Amino acid sequence: MASHMPVNHPLRPIYRIVGGLSGLYMIVFGVLGAITTGGEPPLGIGVGEVLGQGTNLANSLFAIVIGALVVLGTVIGRNADTLAFTYLGWALLVVGMFFLAVVRTDANVLNHTVNTTIVWFVVGTLLITAGLYARSAPAGRAVATSH
């Protein structure tokens, strides 16, 4: 059974760059957030804002881990980037959806704001899209996807 996912897409390098830059953004956000909220409780609510997004130390560390995994997948390549982009993109969407639902409650332990959630949705969507088109295979094994 052949997959309907494009393999060896001509814009694959651009999608890998987009995915890698998304991961770098998450790292920068996390590092700045960790610096800003370093002396605060890790799960403090309303303790910090970085790049217009609410954060706390736990959220910043989570962003650093997600960003580092995305960048690691990008550097490794060989379809590790596709897996990292796809799964971590969906993880950002799920986490963002949860915190959008609890943004004004005590369950908002990562101090998300609506702005944080929107940015995570955008980054997650970029990662999923990059994951869809970044697959590679040897030329003999790639199946033509256009008819």
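The preceding data block contains the structure.
Predicted model, so just to flag it, every value in this text is computed and none were measured. (Residues numbered from 1 in each chain as written. Predicted model: local features only at pLDDT ≥ 70, side-chain atom pairs only at ≥ 80, totals over all residues. Heavy atoms only, no water.)

Asks: I keep staring at helix H2 (residues 57–76) and nothing clicks. Help me out?
Replies: Spacing of three or four residues puts side chains on the same side of an α-helix, whose turn is 3.6 residues. With 20 residues, H2 extends 28 Å from end C-alpha to end C-alpha; this agrees with the ideal 28 Å at 1.5 Å per step. Here H2 has its buried residues at Leu57, Asn59, Ser60, Ala63, Ile66, Gly67, Val70, Gly73 and Thr74. At its buried positions, H2 is contacted by helix H1 (12–36), strand S2 (53–55), helix H3 (80–101) and helix H4 (114–133). Sitting at the amino-terminal end of H2 is Asn56, which places a side-chain oxygen 3.3 Å from the backbone nitrogen of Ala58. Within two residues after H2, Gly77 carries a phi angle of roughly 70 degrees, on the positive side. (Helix = DSSP H or I, 4+ residues; strand = E, 2+ residues; numbered from the N terminus. Expected span 1.5 Å × (residues − 1). Buried < 20%, exposed > 50% of the residue type's maximum accessible area, 1.4 Å probe, protein only. Contact = heavy atoms within 4.5 Å. Polar contact = N/O pair within 3.5 Å; in protein donor to acceptor, adjacent residues only side chain to side chain.)

Asks: Would you mind going over the environment of Leu21 with me for this structure?
Replies: Assignment of secondary structure puts Leu21 in helix H1. Take Leu21: its relative accessible area is 52%, and that puts it in the exposed class. With 106 residues separating them in the primary sequence, Leu21 and Leu127 have C-alpha atoms 9.7 Å apart.

Asks: How should I be thinking about unusual backbone geometry in this particular structure?
Replies: Residues apart from glycine generally show negative phi values, whereas peptide bonds are mostly found in trans. One non-glycine residue, Leu51, adopts positive backbone phi at about 55 degrees. Counting through the fold element by element, Leu51 comes out in the loop between strand S1 (48–50) and S2. Backbone geometry at Asn79 places phi at a positive 70 degrees, although glycine is not the residue there. On the secondary structure map, Asn79 appears in the loop between H2 and H3.

Asks: Would you take a moment to explain the packing of H2 against H3 for this structure?
Replies: Helix-helix packing is described using two parameters, namely the angle between the two axes and the distance between the axes. Axis separation between H2 and H3 bottoms out at 7 Å; the angle between their running directions is 160 degrees. Accordingly, the angle class assigned to the pair H2 and H3 is roughly antiparallel. The way H2 lies across H3 gives a crossing that is left-handed. Where H2 abuts H3, its residues Phe62, Ile66, Leu69, Val70, Gly73, Thr74 and Ile76 lie against Ala80, Asp81, Ala84, Phe85, Leu88, Leu92 and Val95. Across the contact of H2 with H3, the residue classes tally to eleven nonpolar, two polar and one charged. (Axes fitted to C-alpha atoms, helices over the stretch in contact; angles between N-to-C directions. Parallel < 35°, antiparallel > 145°, perpendicular 65-115°, else oblique. Left-handed = near helix turned anticlockwise from the far one by under 90°. Nonpolar A, V, L, I, M, F, W, Y, C, P; charged D, E, K, R; others polar.)

Asks: Even after reading the chapter, I still don't get the pattern of salt bridges, so can you show me in this structure?
Replies: In the structure shown here, the tally under the stated rule is two salt bridges. A salt bridge links Arg12 to Asp81, with the shortest nitrogen-to-oxygen separation between them at 3.5 Å. Of the two residues, Arg12 sits in helix H1 while Asp81 sits in helix H3, which places them 69 residues apart along the sequence. Using a relative accessible area of 14% as the deciding quantity, one classes Arg12 as buried. For Asp81, a relative accessible area of 0% puts it in the buried group. A salt bridge links Arg16 to Asp81; its shortest N-O distance comes to 2.7 Å. Taken together, the residues span a long stretch of sequence, with Arg16 in helix H1 and Asp81 in helix H3 at a distance of 65 residues. Bridged by salt links that share partners, the residues Arg12, Arg16 and Asp81 form one connected network. (Salt bridge = Lys/Arg side-chain N within 4 Å of Asp/Glu carboxyl O.)

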